[in-house]
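Read off the chains here:
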Amino acid sequence: VKILPHSFFEKDELRELLGRFDQEAKLLAQLDHENIVTVYASGQEDDLCWLAMEYLPGGDLGKWISAERRPPLRSTTRWLRQSLAALQFAHQANVLHRDLKPANVIADGDELTRLQIIDFGLAKLVTEEGWTQLTEGQAFVGSPLYLAPEQAGAGETGSPADVYSLAGVGYSL
């Protein structure tokens, strides 16, 4: 369960947060893929925003990297193939993740045989009218270590930016 208490945010930030949570839940509901986390429900209760997602007990790749364990090359390539398949599926559904990093790739167990991409809170959705941005204004979004150079500017980015970020994750592994 992903929970964010309202007390962490100013009133304007809270409005944006609620919109992002709602949009993230809607996006993930459309993305039915074995390597993208399943969201079962979302909502607001008192002063909490929440998403109920599939439980993945293996932890994220960020923890694997910070523990300074080097996975075998075969495992790394399998994980990257799974993540690329998930990205391809999301991109075909006109969804750009925009914040791929090791902490947003979670394993199904200690064996790390199946990975899933999580946290579509900064995603963009392309419509007939163009990209729908889930964050307001020209806010800088993403994690600098994994950010494609074009994402740091004010210009539009596309699916290659997600692939660049995933390449950074692969390099970290």
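Keep in mind the model is a prediction, meaning the values are calculated, not measured.

The rules behind the values
Residues numbered from 1 in each chain as written. Predicted model: local features only at pLDDT ≥ 70, side-chain atom pairs only at ≥ 80, totals over all residues. Heavy atoms only, no water. Helix = DSSP H or I, 4+ residues; strand = E, 2+ residues; numbered from the N terminus. Buried < 20%, exposed > 50% of the residue type's maximum accessible area, 1.4 Å probe, protein only. Contact = heavy atoms within 4.5 Å. Expected span 1.5 Å × (residues − 1). Pairing = 2+ DSSP bridges. Core = buried A, V, L, I, M, F, W, Y, C linked by side-chain atoms within 4.5 Å. Salt bridge = Lys/Arg side-chain N within 4 Å of Asp/Glu carboxyl O. Axes fitted to C-alpha atoms, helices over the stretch in contact; angles between N-to-C directions. Parallel < 35°, antiparallel > 145°, perpendicular 65-115°, else oblique. Left-handed = near helix turned anticlockwise from the far one by under 90°. Nonpolar A, V, L, I, M, F, W, Y, C, P; charged D, E, K, R; others polar.

Chemist: Could you clarify how one ought to interpret the side chain of S165 in this entry?
Modeler: Of note, S165 is situated in helix α4 (residues 159-172). The exposure class assigned to S165 is buried, which follows from its relative accessible area of 2%. The contacts of S165, once residues within four sequence positions are left out, are L100, Y146, L147, A148 and Q151.

Chemist: Would you mind showing me how to read the side chain of H33 here?
Modeler: Topologically, H33 is positioned in the loop between α1 (11-30) and β2 (39-45). Residues contacting H33, with those up to four places away along its chain left out, are A85, A86 and F89.

Chemist: Is there a simple way to explain helix α3 (residues 73-92) in this structure?
Modeler: Counted at 1.5 Å a residue, the expected span for α3 with its 20 residues is 28 Å, and the 28 Å between its end C-alpha atoms agrees. Within α3 the residues assigned to the buried category are S75, T76, W79, Q82, S83, A86, L87, A90 and H91. On its buried face, α3 is in contact with α2 (61-66), β4 (95-96), β5 (105-107), β6 (115-117) and α4. Looking at the residues trailing α3, positive phi occurs at N94, about 65°.

Chemist: Just checking my understanding: could you explain the pairing of strand β3 (residues 48-53) for this structure?
Modeler: Within a regular beta strand, the side chains point alternately toward one face of the sheet and then the other, so they alternate between its two faces. Pairing of β2 with β3 involves six bridges; the strand directions are antiparallel. Each bridged residue has a counterpart across the sheet, and for E45 the counterpart in β3 is L48.

Chemist: Even after reading the chapter, I still don't get the nonpolar core, so can you show me in this structure?
Modeler: The tendency in soluble globular proteins is for nonpolar side chains to be buried as a group. With 33 residues, the main nonpolar core has I36, L61, W79, V95 and F120 as its most contacted residues. Every element with two or more residues in this core is listed here: α1, β3, α2, α3, β5, β6 and α4. In this structure V95 touches L27, L31, A90, F120, A123, K124 and L125, once residues within four positions along its chain are discounted.

Chemist: Would you explain the pattern of salt bridges in this entry?
Modeler: Where charged atoms from two side chains of opposite charge come close, those side chains can pair. Enumeration according to the criterion identifies four salt bridges in this entry. Residue K2 is joined to D119 by a salt bridge in which the shortest nitrogen-to-oxygen separation is 3.1 Å. Placement of K2 in strand β1 (residues 2-5) and of D119 in the loop between β6 and β7 (124-127) is noted, with a sequence separation of 117 residues between them. Here D99 makes a salt bridge to K101, at a shortest N to O gap of 3.7 Å. On the basis of relative accessible area, K101 is assigned to the partly exposed category, the value being 22%.

Chemist: Sorry if this is basic, but what is going on with unusual backbone geometry here?
Modeler: A negative phi angle is the norm for most residues apart from glycine, just as the trans form is the norm for most peptide bonds. The backbone of R98 shows a phi angle near 75°, a positive value even though the residue is not glycine. Locating R98 in the fold gives a position in the loop between β4 and β5. One non-glycine residue with positive phi stands out, namely D119, at about 60°.

Chemist: Would you mind going over the packing of α3 against α4 with me for this structure?
Modeler: Relative placement of two packed helices is described by the angle separating their axes and the distance separating the axes. At a closest axis distance of 11 Å, the pairing of α3 and α4 adopts a crossing angle of 165°. In terms of orientation, α3 lies roughly antiparallel with respect to α4. Relative to α4, the crossing made by α3 is right-handed. Residue-level contacts link T76, L80, S83, L84, L87 and H91 of α3 to S159, D162, V163, L166 and G170 of α4. Residues that form the contact of α3 with α4 fall into these classes: five nonpolar, five polar and one charged.

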